[in-house]
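# Residue-level structure breakdown
What follows is the residue order along each chain.
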Amino acid sequence: MTTTADTPVDHTPAVRAPHFALAVLALATGGFAIGTTEFVTMGLLPQIAAGVGVSIPTGGHVISAYALGVVVGAPVIAFLGARLPRRGLLLGLMVAFAVGNAMSALATSYGGLMLARFAAGLPHGAYFGVASLVAASLASPARKGRAVASVMLGLSVANVVGVPAATWMGQHLGWRSAFWAVTALGVVTLALVALYVPSIGGDKDASGRRELRAFALPQVWLTLVAGAIGFGGMFAVYTYIAPTVTEVGGLSEAAVPLFLLSFGLGMVAGTWLAGVMADWSIFRSLIIGSVGMAVSLLLFWLLSPYGWAALPVVFLITALGSVLVVNLQLRLMDVAGDAQTLGAAMNHASLNVANALGAWLGGLVIAAGAGYRAPALVGVALSVAGLAVLLVSATLHRRSPA
């Protein structure tokens, strides 16, 4: 089982960057900022819920609101921005990102925070999609996959450094301080992109009609659905990690940043591993990631009452999740054909459907009285369902490689 091509196709002309490493670092910094704001909400969920006067399961809908913003923003911005100069588009997306996070820090009600998180999520998918295309265009053909993985590494490093630090900050200085810190990261990204990312024109042949053709391709839909369902398992656990650690595992609140650190280290290791595995086989990597996610989520359900025993399991969950993320990105850039901007952006829309789905289903079983362990079993079911979709994709590919 393989993809239709070993290397994703990018129709952006190759561009020589005077400072390639700094250009990729600038793009990855944006990923770091986005990863921090996306995942810190989970670490601070009890504080945020208390701050706007709602229960923890209801507060989980704030995470879903961000995810919904990604789902809406990715196709709309890709549709409207495919022909725009890519550095200019990246700068505009970072301005919107900084404004959305400042709105989050200033929100005084649950409804206001929901709206702010939706706004903060709008540029997320389009940023990663455009940044991936820019990184690929700056790299040699043999290193395009690694360049894309480097951009994604920013999101992974956020979970090692940004999320634990912002969680600690939010616990000690108030949850709003975390969103102000993310706003500052957005401003830093603006400066780095303006300084080091070369001017790259948009796809002059792009049109809304051409971009929308991606939605007529069965393999695009199957890849998106596999990500939206299969990756939801990780979010079913991650969303409620703080109360699971304290109420199920019996650990203190101070242990939460360490569990978030383990999540982040798993993402970094998984992102590196994903690049190696993608060189071997993108599709087989997706299968291995899906099976591994199901097994690791079941292990989390078994071990979460034993406190620190669950710490290495969360590392496994996100390591395998990162194998899925990177390889789903590469597969979509491949199967989308000419609709490069939309295909690249929609991966993160798909993953944030997973975010919303996992958070919502996890909240449902908790609210039904099943306890904070139950979302892990929801995650197992979602991983198995995602695996089933990938197997359908493989069957269809065998019958019609095109």
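Being a predicted model, the structure only gives us computed values, none of them experimental.

In the structure shown here, the tally under the stated rule is five cavities of 30 Å³ or more. One number sums up the size of the largest cavity: a volume of about 170 Å³. Every residue lining the largest cavity is counted, 16 residues in all, and those nearest its centre are Phe-39, Leu-155, Phe-231, Val-325 and Leu-351. Residue composition of the lining of the largest cavity, grouped by class: nine nonpolar, six polar and one charged. Within this model, the second largest cavity holds a volume of roughly 50 Å³. Together, Ile-241, Thr-244, Val-245, Gly-249, Leu-251, Phe-259, Phe-300, Ser-304, Gly-307 and Ala-310 line the second largest cavity. Per element, the largest residue contribution to the lining of the second largest cavity is three residues, and it comes from helix H12 (residues 241–248).

According to the stated counting rule, one finds seven aromatic pairs in the structure shown. Aromatic pair Phe-39 and Phe-235: ring centres 5.9 Å apart, planes at 0°, arrangement stacked. Taken together, the positions of Phe-39 in helix H1 (residues 20–43) and Phe-235 in helix H11 (residues 232–238) put the pair 196 residues apart, joining distant regions of the chain. With relative accessibility at 2%, the residue Phe-39 sits in the buried group. Of the residues examined, Phe-235 reaches a relative accessible area of 1% and is grouped as buried. Relative to Tyr-238, the ring of Phe-39 lies with its centre 5.1 Å away and its plane at 15°, an arrangement referred to as stacked. Taken together, the positions of Phe-39 in helix H1 and Tyr-238 in helix H11 put the pair 199 residues apart, joining distant regions of the chain. Exposure class is identical for Phe-39 and Tyr-238. Each is buried. Among the aromatic side chains, those forming a connected cluster through ring pairs are Phe-39, Phe-231, Phe-235, Tyr-238 and Phe-263.

For helix H5 (residues 110–121), built from twelve residues, the straight-helix expectation of 16 Å at 1.5 Å per residue is met to within 8% by its first-to-last C-alpha distance of 17 Å. Buried residues of H5: Leu-113, Ala-116, Arg-117, Ala-120 and Gly-121, and no others. Down the axis of H5, the smallest arc covering the buried residues is 135°, so these residues share one side. Lining the buried residues of H5 we find H1, helix H2 (45–51), helix H3 (56–81), helix H4 (86–106), helix H6 (124–138) and helix H8 (175–196).

Thresholds, definitions, all that
- Residues numbered from 1 in each chain as written.
- Predicted model: local features only at pLDDT ≥ 70, side-chain atom pairs only at ≥ 80, totals over all residues.
- Heavy atoms only, no water.
- 1 Å grid on protein atoms, 1.4 Å probe; cavity = no way out; pocket = protein on both sides within 12 Å on 5 of 7 lines; lining within 4 Å.
- Points joined across faces, edges and corners; volume = space filled by probe spheres on them.
- Nonpolar A, V, L, I, M, F, W, Y, C, P; charged D, E, K, R; others polar.
- Helix = DSSP H or I, 4+ residues; strand = E, 2+ residues; numbered from the N terminus.
- Phe/Tyr/Trp six-rings, centres within 6.5 Å; stacked < 30°, edge-to-face > 60°.
- Buried < 20%, exposed > 50% of the residue type's maximum accessible area, 1.4 Å probe, protein only.
- Expected span 1.5 Å × (residues − 1).
- Arc of directions from axis to C-beta.
- Contact = heavy atoms within 4.5 Å.

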